[in-house]
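Working through the structure, step by step
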Amino acid sequence: MTQVSNADSSCKVRWKMWLFKVFIVTYLTAVCAAQDEPDATFVPTYAPPVTAQQEVITRYVPPVPILQQNSGWLEVFPSEKVEFSCSISDSSDWTFIWYKNGDKMDADANLAFSGDGMVLTITAPTNSGKYTCKGQHKTKGVTTESSNSLELKVHANRPKPKVSRSSNYQEMFRGESITFQCSVDVSVGWEYLWYRNGQEIPAANDNKYTITSVTHSDNGKYRCKSKRGKDKFFTEESEPTLLRISDPPTPTLKLLSTWSDVFVNETVEFGCEVSSSDWTFTWYRNNVKLQEDAYTIVDEEGLTLNITVTTAHRGDYTCRAHHISRNVASESSNSVTIKVYDNVPTATLSKDGFNPMYVGETVNFTCKVTVSSGWTYQWYKDENELPDTSETISVFLGLSDKGSYSCRGIRGDVPTTTNSSEKTQQDVLEIPVPSLKKVTQWLDVFPTEGVELSCEMQSGSGWTYTWYKDKVEVQANNTVLFGLNRATLFINSTVSDKHNGLYECKGHLQDRTVKSISSSPLRLMVYDKKPDVILTQDPEYKVMFPGESVSFSCHINVSSGWEYLWFKDGSPLVGSESKYPINPVGATSGGSYTCRVKRGSNRNFTTDSSQALHLEVDEKKPKPLMTQQPDADKLYTGEPVSFECKVTISSGWTYHWYKDGASLLSDSSSFRIDNATLLNNGNYECKAIRSRTMFNTERSDGRTLLISEIPVPSLKKVTQWLDVFPTEGVKFSCEMPTSSDWTYTWYKDTKVQTNASMTYGQDKSTLTIHSASPSHRGNYSCSAKLKIRSVKTSRSSELRLDVYDTKPQVTLMQTPEHSLMHTEDEVSFSCHINVSSGWEFLWFKDGNKLHISELSHSIGSVTRANAGLYKCEARRGTEMVFNKTSQDLKLDIEERPQASITLLTGWGEAFSTDSLVFQCEVTDGQYTDWNYTWFREDKPINTSRSVKYKVTPSNDPDQSSYKCQGIRTGRPTYSKISTSHKTKNLLLKRRVLLSITGVLFFGIVFVLLGCIILKVTRKPAAPDEKPDEANLFLTMAQLKDCSDAPCPLVEYITDADVNPPPKEGDENGTICSETTPLPITSPEDKAVTSDNHDTTENNGGLVSFQQ
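Residues numbered from 1 in each chain as written. Predicted model: local features only at pLDDT ≥ 70, side-chain atom pairs only at ≥ 80, totals over all residues. Heavy atoms only, no water.

From N to C terminus, the protein includes five helices and 91 strands. Looking at the protein residue by residue over its 1107 residues, the buried ones come to 39%. For the protein, long-range pairs separated by at least 24 residues make up 62% of all intrachain contacts whose partners lie at least 6 apart in sequence. Summed over its atoms, the accessible surface of the protein is roughly 63300 Å², and 50% of this surface lies on carbon and sulfur atoms. (Helix = DSSP H or I, 4+ residues; strand = E, 2+ residues; numbered from the N terminus. Buried < 20%, exposed > 50% of the residue type's maximum accessible area, 1.4 Å probe, protein only. Contact = heavy atoms within 4.5 Å. Areas by Shrake-Rupley, 256 points an atom, 1.4 Å probe, with all protein chains shown as cover.)

Dropping the structure here:
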């Protein structure tokens, strides 16, 4: 029993060992497949079998190298060197491999490695990158993980520093402090060099350079550059910054008040100025700084100084400037000296002129103050202040200027006033006016007549006179003479028209500028010739008849004192008045009449004779001649007609008119009827009467007037329609019922039509509009006018022409209104025009005319051939055809989507179901919202609208034929019906599949069962065939001696070990798989393993070779 138990235990151990071998082979295969490089960082090792408690795998992790930077910086520039070192602490058994951006690095002209690769020197870095290293064991070939990374950044160009300054003023003043700072914004470790005007500044190596007190020698351009490293890498030079040194500006002191010599209590104002506004000022008198007090005031900004003067303020004044924000002070300004007087002076008054003086003369007063300057003056008359303030005043004297005059000086805003001058008296008299008188009787004279004038003053003596004609002084000559002191003016008998004018005189005192005003003027009119005498006749009839009366008048329109002389046919008549009457006229009264005028006593002046007037006397009574316009036998109502009555002998006639013997109210030579009516028919006569003498002529011959009504024209339409469209033609005609002597005028809405778009027939009897527009819309009428007279008819009755604003809208409509149709759909087109009538319709598809003339066009079942552009055209008229085409209407036609049936019941479900499931699909992917109708033997199945339909023996015992069709609410509303599927054929195929599947399934089951039985019943191996398990694994010492020897497991691993059965249980029911970390051991297994305890090393666990 013990032997049996031991045998069983040995069998179990061998079985588990076999399973463990398979696990190890699988694990090694996976590890080898996962290796990328021959220097993998992990090498698995093996140990002899161990107990379950000791089965532990320990992994050795190599140390990670440390990457360090030996040079100063990681941001470098061309020509700088960089040095890295890679090390593993407490070990020197390593060599090193270098990487940049993950790529292995090899030595070249720019890269140098130390002997063991520990130090990397980059002599000419050209590329930035991330650097790492790995360690490789010198004897074991083990490679470490990557070290930490150092990123090297290489700039392509040398950096350029920037210079900043503590003060950005354009100019610095002497004594100020300034600091320059040099900065490089790339990398670190810089030393600095400073330059002024290109020369290096000694002992300046900091990034800041300070000048504590600038002088003119510090003027110039400042630059800097930086360096670093043992090999002294230099940056570029910075841009220069200019430092300008100047002296503080010297202020200018100005005296803002008017004068520098002043009196007590006057105000003095100074202003201190520099070239900019950043300065304040301090003030000095005699080089002592001024302090503000009640008399000395400085404004808030310190720019001005105001002093209310006392005697203590005498002295020299200066100022100095101080910068507001900088500790800078200027030199002293120029000085201004202030002089202060103790007492005020007295003004002196002087005058040039006479006393008394006449109005109009000018007197000058002068006031002077001899001390200081800047004086203005106050003037007084009779203690009253005058508005003048100048030193000298001129008074143009009037009566009101009489009085006592004085003055005083004054100056300043707070006035300083002198003592008043002494008073001076001035008297003023009025200048008398001369009197001008005529000595001769007339002032309008003719050649050979003489004139005398006199001028005298009403008061005073010593006056002489000046004469003026038309404001021009008169000088003595052969024609003009003067009396004593020029008091009289004589113009002798040689007077002419050059003496015409307005005469005045003036008086003036000798040796004085006193002149009187002009005297009252006298106008002298001298005619250049003798006056004309005009003879007139009243009434002015050239021919007189016996019994009439007439009167002659003699006119002279110049001067006065005339006497009249009358003559007939050169013989004097009795009479001296200006008129000569004849009443009544007789046969002997005819003849030529003239007159003359004369005046004067000492020297008689006579004019020439007047023009002659001839008087004719006719003893025969005249008869007037009457004419008619228009001279026609027949006139129309509304026409104007006039009669004219004329007497060809003499003048002065008025006329009387008669109709059918009755008198008419008219006295003109013509009788006019502006708007003739039937009442104006009758016989007309006239006669003439002289209203001045009441002389009557005989009556004229009579004239008969005949008036008729004007006929009305007839308006007709020639075209068929009176409601037309733009570009359509229209024609009207207008006719008179009587004769062809008429021309016609056309009207639209009461306005005469002269539009260029209209044409007319002969005499405008027709009106044609070739291309109508909305402007032609309106009521049309016509009127007629006689060609030879201005007779116009009334307008005809109206015809209304309606012209639409636009051409008719021909609308092509489609039913149904879908731009996309599907085959089998029905579609209908209709052509609509909703205005007017008489339309004919034409149809077109893709520009080709269709043989259809109806209002609509229908297609019962559309095909792809019916797709295209459709339009229709409406037309009407014969002579002037009008047509309008509709819009294009595009008809797109697509094939109706096809439904198809798919059998969803798979062949793999043949064991689990006795039903078939069909699925209906519409192959067009545009639409997804389909419902479905199912058909059995072409009849719809109302029980389902689903995409699937299930066929069972209960609902289809006869194994029918099935179809389906897609339906939806949108368009297309249905699809084509699918092809049919018969369930009988499907069930036959299903039965064949079930038979084949059953045979295969049961065959596989029998094979598996046979394998399991064979495995269980297999005979165990003989003891002498048992492998030497004690020598299966090597010790650590053996492994070190033969590290390159082949793996001893190879000879123990067979194909059966590599490919074990997929599933196998042990006595404990544990199934071994890849996920099982350790096999389950029984107490018997523990006993077996304890017997072999002395054959294991290191407590029976798996030990890595890396130990």
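That shown, we press on.
This part covers the pairing of strand 23 (residues 279-285). By the criterion of burial, strand 23 is predominantly enclosed, with five of the seven residues buried. Bridge analysis of strand 23 against strand 27 (residues 315-323) gives seven bridges, and the strand direction is antiparallel. Paired with Trp-279 across the two strands is His-323, which belongs to strand 27. Where strand 23 meets strand 24 (residues 288-289), two bridges bridge the pair, whose relative direction is antiparallel. Bridge pairing in strand 24 links Arg-285 to Val-288. The loop that links strand 23 with its antiparallel partner strand 24 comprises two residues; one of these, Asn-286, has a positive phi angle of about 55 degrees. (Pairing = 2+ DSSP bridges.)

Before going further, it helps to examine the pattern of salt bridges. Per the stated rule, a full pass over the model turns up 37 salt bridges. A salt bridge links Asp-342 to Arg-314; the nearest nitrogen and oxygen atoms lie 3.1 Å apart. In this pair, Asp-342 sits in the loop between strand 28 (336-341) and strand 29 (348-352) while Arg-314 sits in the loop between strand 26 (304-308) and strand 27, placing the two residues 28 residues apart along the sequence. Put simply, Asp-802 and Arg-800 hold a salt bridge, and the shortest N to O gap is 2.9 Å. Residue class for Arg-800 comes out partly exposed when judged on its relative accessible area of 37%. The network of salt bridges with common partners includes Glu-824, Asp-825, Arg-896 and Arg-971. (Salt bridge = Lys/Arg side-chain N within 4 Å of Asp/Glu carboxyl O.)

Right, let's get into the side chain of Asp-401. Position of Asp-401 relative to the elements: it lies in the loop between strand 34 (392-396) and strand 35 (403-411). At 6.1 Å, Lys-381 is the nearest oppositely charged side chain to Asp-401, a buried residue that forms no salt bridge. With sequence-adjacent residues up to four places away left out, Asp-401 is seen in contact with Lys-381, Val-395, Phe-396, Gln-426 and Val-428. (Lys, Arg positive; Asp, Glu negative; His and termini not counted.)

Our focus in this paragraph is the environment of Pro-584. Relative to the helices and strands, Pro-584 is located in the loop between strand 53 (579-582) and strand 54 (591-599). Residue Pro-584 is classed as exposed on the basis of its relative accessible area, which comes to 53%. Measuring from C-alpha to C-alpha, the distance between Pro-584 and Glu-548 comes to 5.6 Å, with 36 residues separating the pair along the chain. Aside from chain neighbours lying at most four places away, what touches Pro-584 is Gly-547, Glu-548 and Ser-589.

Structurally, Ile-307 can be placed in strand 26. Setting aside residues up to four positions removed in sequence, Ile-307 forms contacts with Glu-266, Thr-267, Val-268, Phe-270, Tyr-295, Thr-296, His-313 and Tyr-317.

It is worth spelling out the nonpolar core at this point. Leu-453, Trp-467, Leu-489, Ile-491, Tyr-503 and Leu-524 are the most contacted members of the largest nonpolar core, which totals 24 residues. Elements that contribute at least two residues to this core include exactly strand 41 (451-456), strand 42 (463-469), strand 44 (480-482), strand 45 (488-491), strand 46 (501-509) and strand 47 (522-526). For Tyr-503, the residues in contact, after removing those within four places along its chain, are Leu-436, Leu-453, Tyr-468, Lys-469, Val-474, Leu-489, Ile-491, Ser-520, Pro-521, Leu-522 and Leu-524. (Core = buried A, V, L, I, M, F, W, Y, C linked by side-chain atoms within 4.5 Å.)

We now examine the sheet that holds strand 28. Read across the open sheet, the five strands follow the order 21-28-27-23-24; overall the sheet is mixed. Whereas interior strands pair on both sides, the edge strands pair on one side only; in this sheet they are strand 21 (261-263) and strand 24.

Let's shift gears to the packing of aromatic side chains. This structure, assessed with the given rule, holds 33 aromatic pairs. The ring of Tyr-169 has Arg-326 sitting right over it, with the charged end atom 3.8 Å from the ring centre. Here the guanidinium or amino end of Lys-871 rests over the ring plane of Phe-844, the centre of that ring lying 5.9 Å away. (Phe/Tyr/Trp six-rings, centres within 6.5 Å; stacked < 30°, edge-to-face > 60°. Lys NZ or Arg CZ within 6 Å of the ring centre and 35° of its normal.)

Across all of its chains, the model carries 10 disulfides by this definition. Across a sulfur-sulfur distance of 1.9 Å, Cys-554 and Cys-595 are joined as a disulfide pair. Residues Cys-554 and Cys-595 share a disulfide whose torsion about the S-S bond is about 80 degrees; that sign makes it right-handed. Of this pair, Cys-554 sits in strand 50 (residues 550-555) while Cys-595 sits in strand 54, placing them 41 residues apart in sequence. Here Cys-734 engages in a disulfide with Cys-782; their sulfurs sit 1.9 Å apart. Since a negative S-S torsion denotes a left-handed disulfide, the Cys-734-Cys-782 link at about 75 degrees is right-handed. (Disulfide = S-S within 2.5 Å.)

With that out of the way, let us pick up the sheet that holds strand 10 (residues 162-165). Taken together, three strands build an open sheet; the order of strands is 10-12-15 and the sheet is antiparallel. One side of each edge strand has no neighbouring strand; the edge strands of this open sheet are strand 10 and strand 15 (208-211). Neighbour-to-neighbour, the strand axes of this sheet turn through a mean angle of 20 degrees, independent of strand direction. In terms of strand pairing, strand 10 meets strand 12 (residues 178-183) through four bridges, oriented antiparallel. Residue pairing across strands places Lys-162 opposite Ser-183, the latter belonging to strand 12. (Axes fitted to C-alpha atoms, helices over the stretch in contact; angles between N-to-C directions.)

Take a nonpolar patch on the surface next. Residues Phe-1001, Phe-1002, Val-1005, Phe-1006, Leu-1009, Ile-1012 and Val-1016 make up a contiguous nonpolar surface patch of roughly 740 Å² in combined accessible area. You can see Phe-1006 is positioned in helix 2 (residues 983-1016). For Phe-1006, a relative accessible area of 60% puts it in the exposed group. (Patch = residues over 30% accessible without salt bridge, like charges linked within 9 Å, V, L, I, M, F, W, Y side chains within 5 Å.)

Sheet topology places strand 12 next to strand 15; four bridges connect them, and they run antiparallel. The residue bridging Ile-178 from the neighbouring strand is Ile-211, located in strand 15.

Bringing the environment of Glu-236 into the picture now. Examined against the element boundaries, Glu-236 turns out to sit in the loop between strand 17 (233-234) and strand 18 (241-243). For Glu-236, a relative accessible area of 32% translates into the label partly exposed. Apart from the residues lying within four places of it in its own chain, the contact partners of Glu-236 are Arg-158, Pro-159, Lys-160, Pro-161, Cys-224 and Lys-225.

This part covers the confidence of the model for the protein. Chain-level pLDDT for the protein is 81 on average; 84% of the residues reach the 70-or-more range. Every residue in residues 1-7 is under pLDDT 50, and counting partners more than four places away or in other chains gives zero contacts. Scored below 50 in pLDDT, residues 1042-1107 makes 94 contacts in the model with residues more than four places away or belonging to other chains. (pLDDT = per-residue confidence, 0-100.)

Secondary-structure assignment places His-323 in strand 27. When its relative accessible area of 9% is taken as the criterion, His-323 is described as buried. There is a polar contact of 3.2 Å between the side chain of His-323 and the backbone nitrogen of Ser-325. Filtering out sequence-adjacent residues up to four positions away, His-323 remains in contact with Phe-173, Asp-278, Trp-279 and Val-328. (Polar contact = N/O pair within 3.5 Å; in protein donor to acceptor, adjacent residues only side chain to side chain.)

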